[in-house]
Amino acid sequence: MDRHAAGPRITSFVALGDSFTEGMSDALPDGSYRGWADLLAARLADRTPDFRYANLAVRGKLIRQIADEQVDAAAAMGADLVTLVGGLNDVLRPRCDLNRVCAVLEESVAKLAPACGRLVLMRSPGRRGPVLERYRSRMEELFGFLDELAGRHGAEVVDLYGAASLSDPRLWADDRLHLTADGHHRVAEAVWQRLGLPAESAWDTPLPPAAAPGWPDRAGAHLRFTRTHLLPWIGRRLTGRSSGDGRAPKRPELGPLRPAGAAGGAGPTPLACEDTP
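A brief report on the enclosed structure follows.

Parameters and conventions
- Residues numbered from 1 in each chain as written.
- Predicted model: local features only at pLDDT ≥ 70, side-chain atom pairs only at ≥ 80, totals over all residues.
- Heavy atoms only, no water.
- Helix = DSSP H or I, 4+ residues; strand = E, 2+ residues; numbered from the N terminus.
- Buried < 20%, exposed > 50% of the residue type's maximum accessible area, 1.4 Å probe, protein only.
- Contact = heavy atoms within 4.5 Å.
- Areas by Shrake-Rupley, 256 points an atom, 1.4 Å probe, with all protein chains shown as cover.
- Pairing = 2+ DSSP bridges.
- Axes fitted to C-alpha atoms, helices over the stretch in contact; angles between N-to-C directions.
- Expected span 1.5 Å × (residues − 1).
- Bend = angle between axes of the 7 residues up to and from the residue.
- Phe/Tyr/Trp six-rings, centres within 6.5 Å; stacked < 30°, edge-to-face > 60°.
- Lys NZ or Arg CZ within 6 Å of the ring centre and 35° of its normal.

1. Observations regarding the overall build of the protein chain
Part 1: Regarding its fold elements, the protein chain presents 8 helices and 6 strands.
Part 2: For the protein chain, the N- to C-terminal ordering of α and β elements is β-α-α-β-α-β-α-α-β-α-β-α-α-β.
Part 3: When each of the 277 residues of the protein chain is scored for burial, the buried share is 49%.
Part 4: Look at the contacts in the protein chain between residues 6 or more apart in sequence, and 78% of them connect residues 24 or more apart.
Part 5: When the accessible surface of the protein chain is totalled, it reaches about 12600 Å², and 55% of it is carbon and sulfur.

Written out as structure tokens, the structure reads:
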């Protein structure tokens, strides 16, 4: 399909958030991460020669940190498009003051909405399994508030939580917290279509049926998950550390996606990083 077909002209894009927007776990061969925001930026750049992009997202950030470290900077950039995805790290903690999370989201949206051309929020996807069920009611309360918030401030919402395909465990990485490359491609397409741009794929198409793994395979996967992801995550919670401590955004300035004269098709180059829940 023609990416240059009719649709809004977006010359600048700023992405805010946590690991979901940073791009984990859409790993490139060099060990860096790409993710849905970088994919979307590359597609927007193909339509607009003077396109500029910034990605301020950093893994592990809570909504208060996003508000303090990213929102004012993004508002000052005056971009045509801003995406804000945050609050899920708060919701997935054992103790969460949801009223406080919602208040910080409202404070952030009130700053961003008048400072940009279009503000997009998201109902984040959830992987089927016991973790989702444990926090489902809290997530749905947050997403209900997002819908109201968007209505009050003229923002738009992309509903990834309601997408059946994105709950499929096969679209989630081994850490069970981040999407695979295919999952990130689907999110990029969902946002692309929400912006009113011509569809290139049916992003919510379910994966084909697959045979259920046998008991040894399931047991081995649970053991690897516990050793590689769950125990380190518990250790950070107990010591008050975050996977994003001391880490800078991969694209802190609003600038050209590619160097002047670079051939089209090459996406942005994020910093190398290790995956962590």
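2. Comments concerning the sheet that holds strand S1 (residues 12-17)
Part 1: A sheet is described by the order of its strands in space; here 6 strands give the open sequence S5-S4-S3-S1-S2-S6, paired in mixed fashion. For this open sheet the edge positions go to strand S5 (156-159) and strand S6 (251-256), each flanked by a neighbour on one side alone. Sheet twist, expressed as the average angle between the axes of neighbouring strands with direction ignored, equals 15°.
Part 2: Sheet topology note: the S1/strand S2 (residues 52-55) ladder contains 4 bridges and is parallel. When the bridges of S2 are listed, Ala 15 appears paired with Asn 55.
Part 3: On top of the sheet, helix H3 (residues 63-77) reaches S1, S2, strand S3 (81-85) and S6; it is set at about 170° to S1, its chief contact.

3. A look at H3
Part 1: With 15 residues, H3 should cover 21 Å at 1.5 Å per step; its first-to-last C-alpha distance of 20 Å lies within 8% of that length.
Part 2: Most pronounced at Gln 70, the bend in H3 amounts to some 40°.
Part 3: Those residues of H3 that sit buried are Ile 63, Ile 66, Ala 67, Gln 70, Val 71, Ala 74 and Met 77.
Part 4: At the C-terminal side of H3, Gly 78 shows a positive phi close to 60°.

4. Focus: the packing of aromatic side chains
Part 1: Scanning all chains against the criterion turns up 3 aromatic pairs.
Part 2: Centre to centre, the rings of Phe 13 and Tyr 53 are 5.3 Å apart; their planes meet at 25°, and the pair counts as stacked. Taken as a pair, Phe 13 in strand S1 and Tyr 53 in strand S2 lie far apart in primary sequence, 40 residues in all. Pair check on accessibility: Phe 13 and Tyr 53 agree, each one buried.
Part 3: Taking NZ or CZ as reference, Arg 43 lies 4.2 Å from the ring centre of Trp 192, over its face.

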